[in-house]
Amino acid sequence: MLSERRLEVLRAIVQDYVGTEEPVGSKALTERHNLGVSPATVRNDMAVLEDEGFIAQPHTSAGRIPTDKGYRLFVDRLAGVKPLSSPERRAIQNFLDGAVDLDDVVGRTVRLLAQLTRQVAVVQYPSLTRSTVRHVELLSLAPARLMLVLITDTGRVEQRMVDCPAPFGETSVADLRARLNSRVVGRRFTDVPQLVQDLPESFEAEDRGTVSTVLATLLETLVEETEERLMIGGTANLTRFGHDFPLTIRPVLEALEEQVVLLKLLGEAKDSAMTVRIGHENAHEGLNSTSVVAVGYGSGDEAVAKLGVVGPTRMDYPGTMGAVRAVARYVGQILAES
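As the structure is a computational prediction, the values presented were derived from the model and not from experiment. (Residues numbered from 1 in each chain as written. Predicted model: local features only at pLDDT ≥ 70, side-chain atom pairs only at ≥ 80, totals over all residues. Heavy atoms only, no water.)

Enquirer: Before we move on, could you go through the sheet that holds strand β6 (residues 157-163) and cite the residues and values that matter?
Expert: Backbone-to-backbone hydrogen bonds pair the strands of a sheet. The strands run either parallel or antiparallel. Here we have three strands laid out as an open sheet, ordered β4-β5-β6, and antiparallel in their pairing. On the outer flanks of this sheet lie β4 (133-142) and β6, each paired with one strand and no other. Strand-to-strand, the axes of this sheet are offset by a mean angle of 20°, without reference to chain direction. Sheet analysis places strand β5 (residues 145-152) next to β6, joined by seven bridges and oriented antiparallel. Within β6, the residue paired with Val-149 across the bridge is Gln-159. (Pairing = 2+ DSSP bridges. Helix = DSSP H or I, 4+ residues; strand = E, 2+ residues; numbered from the N terminus. Axes fitted to C-alpha atoms, helices over the stretch in contact; angles between N-to-C directions.)

Enquirer: Can you explain the packing of helix α5 (residues 86-97) against helix α6 (residues 102-117)? Please cite residues and give values.
Expert: For the pair α5 and α6, the least separation of the axes is 9 Å and the interaxial angle reads 155°. Compared by their axis directions, α5 and α6 come out roughly antiparallel. In this structure, α5 meets α6 at a crossing whose hand is right-handed. Between α5, through Ile-92, Phe-95 and Leu-96, and α6, the contact on the second element is made entirely by Val-105, Arg-108, Thr-109, Arg-111, Leu-112 and Leu-116. Among the residues forming the contact of α5 with α6, the class breakdown is six nonpolar, one polar and two charged. (Parallel < 35°, antiparallel > 145°, perpendicular 65-115°, else oblique. Left-handed = near helix turned anticlockwise from the far one by under 90°. Contact = heavy atoms within 4.5 Å. Nonpolar A, V, L, I, M, F, W, Y, C, P; charged D, E, K, R; others polar.)

Enquirer: Which residues make up the sheet that holds strand β8 (residues 275-278), and what values go with them?
Expert: Strands sit in the order β7-β3-β10-β9-β8 across an open sheet of five strands; the sheet is antiparallel. Among the strands making up the open sheet, the edge pair consists of β7 (230-233) and β8. Shown here is a sheet whose adjacent strand axes are inclined to one another by a mean of 15°, direction ignored. Bridging between strand β3 (residues 120-124) and strand β10 (residues 305-312) involves four bridges; their strand directions are antiparallel. Of the residues in β10, the one forming a bridge with Val-123 is Leu-307. Across the sheet, helix α12 (residues 317-337) lies against β8, β9 (290-297) and β10, angled at about 25° from β9, the strand it touches most.

Enquirer: How would you explain the packing of aromatic side chains if you had to name every residue and give the values?
Expert: Under the counting rule described, the total for this entry stands at one aromatic pair. When the centroid spacing of 5.6 Å and the interplanar angle of 50° are considered together, the rings of Tyr-71 and Tyr-317 count as tilted. Of this pair, Tyr-71 sits in helix α4 (residues 68-78) while Tyr-317 sits in helix α12, and the two are 246 residues apart along the sequence. Just as Tyr-71 is buried, Tyr-317 falls in that class too. Taking the ring centre of Phe-95 as reference, the NZ or CZ of Arg-108 above it sits at 5.2 Å. One cation-aromatic arrangement involves Arg-229 over Tyr-125; the distance from NZ or CZ to the ring centre is 4.0 Å. (Phe/Tyr/Trp six-rings, centres within 6.5 Å; stacked < 30°, edge-to-face > 60°. Buried < 20%, exposed > 50% of the residue type's maximum accessible area, 1.4 Å probe, protein only. Lys NZ or Arg CZ within 6 Å of the ring centre and 35° of its normal.)

Enquirer: Which residues make up the nonpolar core, and what values go with them?
Expert: By size, the foremost hydrophobic cluster in this structure holds 59 residues, and its most contacted members are Leu-29, Tyr-297, Leu-307 and Tyr-317. Among the elements that make up this core, the one with the highest residue count is α12 (eleven residues). Core analysis: the second largest hydrophobic core is formed by 23 residues, Val-133, Leu-146, Phe-168 and Leu-180 among them. (Core = buried A, V, L, I, M, F, W, Y, C linked by side-chain atoms within 4.5 Å.)

Enquirer: I'd love a proper account of the pairing of β5, names of residues and values included.
Expert: With six of its eight residues buried, β5 lies for the most part within the structure. Linking β4 to β5, which pair antiparallel, is a turn of two residues. The antiparallel pairing of β5 with β6 creates a hairpin that spans four residues between the two strands, and Gly-155 there sits at a positive phi of about 90°.

Below, the structure is given as structure tokens:
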């Protein structure tokens, strides 16, 4: 276990290196921070921190920089989450309040996160497997053609055309719409197949074919839409950190192009707690020089998706964690009100 003083020295090294981008020496630490001990004592503390793998010496400099292990200890024990200022919070709310639909909410969230943190922002669309049905609309377009519109509790809207095996009158359309909604509204997508399986039998024989076709289209929509979707923004921000990536930025950019990699990075949506993965804790080799800060968001107590940022390990962790958490909270409020 490190003593409180050595933890303070580590905190100071992380803060200075993140702020200045320069390796940190003992003399600079004692000048900048009120550590209450001599440079010689700080040098000794730094030697212990280096022996234990929390800091390292880049070969070109007399100063030290934090390792992944050092950043991990900083995040777990030393860094609080820095709250946003009132003007920042108002700006977030005003920007997100202007969104007109779910795509717009996700798009604005990505832009906002990238601007606030100056990192790469990744936002997962609300997953339909964790969504509930708000409404199913059926519209008659022609005697044997319907439009099915599925609206979720998170504001997602899906439309499908249905070609019926026989003409289906307005009265029958209204009847099916009413019976369908009475069974599925407020229910989870995963429960819907069971809830509607015997619905065709409650209709006249000549309408059962059409009812079955509509239900098949609805169930197909549910299955298709459980595909996870992501939006990413702010990739250009990485170019500002070129020197933070040991060889080249290319492996990071290539990793960010792979949706499967990004979904794994964000982690399971049902786990809504804040997660911070640092450097080699990221399984994908291309992201070993990055850190990921992610959190779940949702319209109630349960997360329906994740959002987060990817940046170099030399990251302002308290500020980034504060921004990610605040944005997730506002997005959740918008989904709840939509």
